[in-house]
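Each chain, written out:
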Amino acid sequence: MIEEKIESLGIKLPAELKTIGSYVPVVITSNNLVFVSGQIPLDSQLAPVQLRYKGKVGKSVSIDDARHAAKLCVINALGHIRSIIGTLDNIKKFVKISGFVNCESSFTDHPKVINGASDFILEVFGEKGRHTRVAVGTNSLPLDSPVEVDMIVEIY
Amino acid sequence: MIEEKIESLGIKLPAELKTIGSYVPVVITSNNLVFVSGQIPLDSQLAPVQLRYKGKVGKSVSIDDARHAAKLCVINALGHIRSIIGTLDNIKKFVKISGFVNCESSFTDHPKVINGASDFILEVFGEKGRHTRVAVGTNSLPLDSPVEVDMIVEIY
Amino acid sequence: MIEEKIESLGIKLPAELKTIGSYVPVVITSNNLVFVSGQIPLDSQLAPVQLRYKGKVGKSVSIDDARHAAKLCVINALGHIRSIIGTLDNIKKFVKISGFVNCESSFTDHPKVINGASDFILEVFGEKGRHTRVAVGTNSLPLDSPVEVDMIVEIY
């Protein structure tokens, strides 16, 4: 069971993260595609819930911290998905993630950062976790988040 | 009827906006997902049709104007969808919008800007309008547009 | 046959391009949507395979070269699709491409650059190649690539 796997890694999925705008975290199409809104590295273990990291990757945020930030984005996405579909065992396969890295114009290590998201997905979901990806830079993100990750998965 | 609702808000959907490149405004998949190309705030009430706003948000374009620009992007997207599917009553639900905000690297209010798109969708479509979203910054957009918004909706 | 058409244009589809991160090049949904990861202008004719162009469009990379770079992204995407689905004749229609242009903040010619991708798709696939598109700027891309293009196509 996926939730047990995640727990065994010492990770707690957030239950009630709010969105920061006039949108919803998850929409499911009639053909079982689950679209998840762009996630930022809010840490639900902090009180109050807040961004664990802030600033530009390669400048005020290290690549290692940015990798962790990308992983937090996935944790938050999974929390949202579970809230809607009940159990993550209903995920049939991952389809795509988009990763945006808030950085200076000389930055080129976007893949290393977004691997923090991809590696975690593969660790938890194995074969089902194999996903396509786009990773790009950006000069700025909401609330000065260092990364933002959205995703599409397919459910049974 | 959605078109009447839009008219009652004093809004006219554009009829024949051209794309600014070698692509089409709308593609419908075999499973009823409607993909709409990235829209910029062309104002079809101006003659000739042109960008209503130009420049970077938070610098030469105010957040309020940028919110309106994001709304214009949705109006243009709806115009394209209606041209292809006949009536917007055929929209079953919104799936996702992507919002790109042309800004300086210190900008952090992307959600406020893209709410201009999201709020309008919710105002017109209500429950059906609930959508997922990704909102990010960018250092530049086509024709120096302040915002660009694309979307995916599902039809019956 | 699409492969013959591509060959007649003097183009060789790459066979075994590697991804530069913990992801896969292609995922197919149960409803025949093929998602392709973000491609950069690796040139499989060079040994070793490497980026054909590097740097910011409008600065160290000309618009003409960037157009060619965008075309190389499509060639690489088609190589990946063919590896997975056997023949490109199985493509029913193009759905969407996303084009990211690595540039300075004053750049506004993103559509011209991404037309290098769109024009090639239309040249090879004709009516089936009609696609939606989002084209935006970015301050940076992986490995300092001048462009990145991902796509969604539908297969039979």
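Treat the numbers as computed from the prediction; the structure is a model and nothing was measured.

With that settled, consider the pairing of strand E2 (residues 33-39) of chain B. Residue and element names in this part refer to chain B. With seven of its seven residues buried, E2 lies for the most part within the structure. Examined bridge by bridge, strand E1 (residues 26-28) and E2 share three bridges and lie antiparallel to one another. When the bridges of E2 are listed, Ile28 appears paired with Val34. Taking the residues between adjacent antiparallel strands as the criterion, E1 and E2 are bridged by four residues, where Asn32 takes a positive phi near 70°. Two elements, E2 and strand E7 (residues 147-155), share five bridges in a ladder whose sense is antiparallel. Residue Val36 lies in a different strand from E7, and its bridge partner there is Met151.

Attention shifts here to the environment of A:Arg82. Residues and elements named next belong to chain A. Within the secondary structure layout, Arg82 lies in helix H2 (residues 63-85). Residues Arg82 and Glu123 lie 41 residues apart in sequence; the distance between their C-alpha atoms is 18 Å. When neighbours within four sequence positions are excluded, Arg82 is seen to be in contact with Leu13, Thr87 and Leu88.

Laying chain B over chain C is done by rotating through 120° and shifting 0.0 Å along the axis; what remains is an RMSD of 0.0 Å. Read as a symmetry element, the transformation amounts to a three-fold axis.

What follows covers the sheet that holds strand E7 (residues 147-155) of chain C. Residues and elements named next belong to chain C. Across the sheet, which stays open at both edges, the five strands sit in the order E1-E2-E7-E5-E6 with mixed pairing between neighbours. With one partner strand each, in any of the chains shown, strand E1 (26-28) and strand E6 (132-138) form the two edges of the open sheet. Within the sheet, the average angular offset between the axes of one strand and its neighbour, ignoring direction, is 15°. Pairing analysis gives nine bridges linking strand E5 (residues 91-102) to E7, with the strands arranged antiparallel. Looking at the pairing, Gly99 lines up with Val149 of E7. Where helix H3 (residues 110-125) meets the sheet, its contacts fall on E5, E6 and E7, and the angle it forms with E5 comes to roughly 160°.

Glancing now at the sheet that holds strand E2 (residues 33-39) of chain A. Residue and element names in this part refer to chain A. What the five strands build is an open sheet, ordered E1-E2-E7-E5-E6; its pairing is mixed. Only two strands of the sheet have a single partner each, and these edge strands are strand E1 (26-28) and strand E6 (132-138). Here the average twist between neighbouring strands, direction ignored, is 15°. Most of the contacts of H2 go to strand E7 (residues 147-155), to which it runs at about 40°, and overall it touches E1, E2, strand E5 (91-102) and E7. This element, helix H3 (residues 110-125), spans E5, E6 and E7 of the sheet and lies at about 160° to E5.

Right, let's get into the relation of the copies chain B and chain A. With an axial shift of 0.0 Å and an RMSD of 0.0 Å, the rotation relating chain B to chain A amounts to 120°. Taken together, the interface assignments show that only 11% of the residues at the interface of chain B recur at the interface of chain A, consistent with different surfaces on the two copies.

All names here are of chain A. H3 packs onto H2 with a crossing angle of 40° between their chain directions and a minimal axis gap of 7 Å. By the angle between their axes, H2 is oblique relative to H3. In this structure, H2 meets H3 at a crossing whose hand is right-handed. Across the interface between the two elements, Ile63, Ala66, Arg67, His68, Ala70, Lys71, Cys73 and Val74 of H2 pack against Lys112, Val113, Ile114, Asn115, Gly116, Ala117, Phe120 and Ile121 of H3.

So, about unusual backbone geometry. Residue and element names in this part refer to chain A. The linkage connecting Ala47 with the following residue, Pro48, adopts the cis geometry, with an omega of -5°. Relative to the assigned elements, Pro48 resides in the loop between strand E3 (42-43) and strand E4 (50-51). The backbone of Asp144 sits at a positive phi, close to 65°, despite the residue not being glycine. Relative to the helices and strands, Asp144 is located in the loop between E6 and E7.

Reading guide: rules and limits
Residues numbered from 1 in each chain as written. Chains lettered and ligands numbered in written order. Predicted model: local features only at pLDDT ≥ 70, side-chain atom pairs only at ≥ 80, totals over all residues. Buried ≥ 20, exposed ≤ 12 C-beta atoms within 10 Å, placed from the backbone. Helix = DSSP H or I, 4+ residues; strand = E, 2+ residues; numbered from the N terminus. Pairing = 2+ DSSP bridges. Contact = placed C-beta atoms within 7 Å. Least-squares fit on C-alpha atoms with pLDDT ≥ 70 in both. Axes fitted to C-alpha atoms, helices over the stretch in contact; angles between N-to-C directions. Parallel < 35°, antiparallel > 145°, perpendicular 65-115°, else oblique. Left-handed = near helix turned anticlockwise from the far one by under 90°.

So yeah, pure geometry; function would need other evidence.
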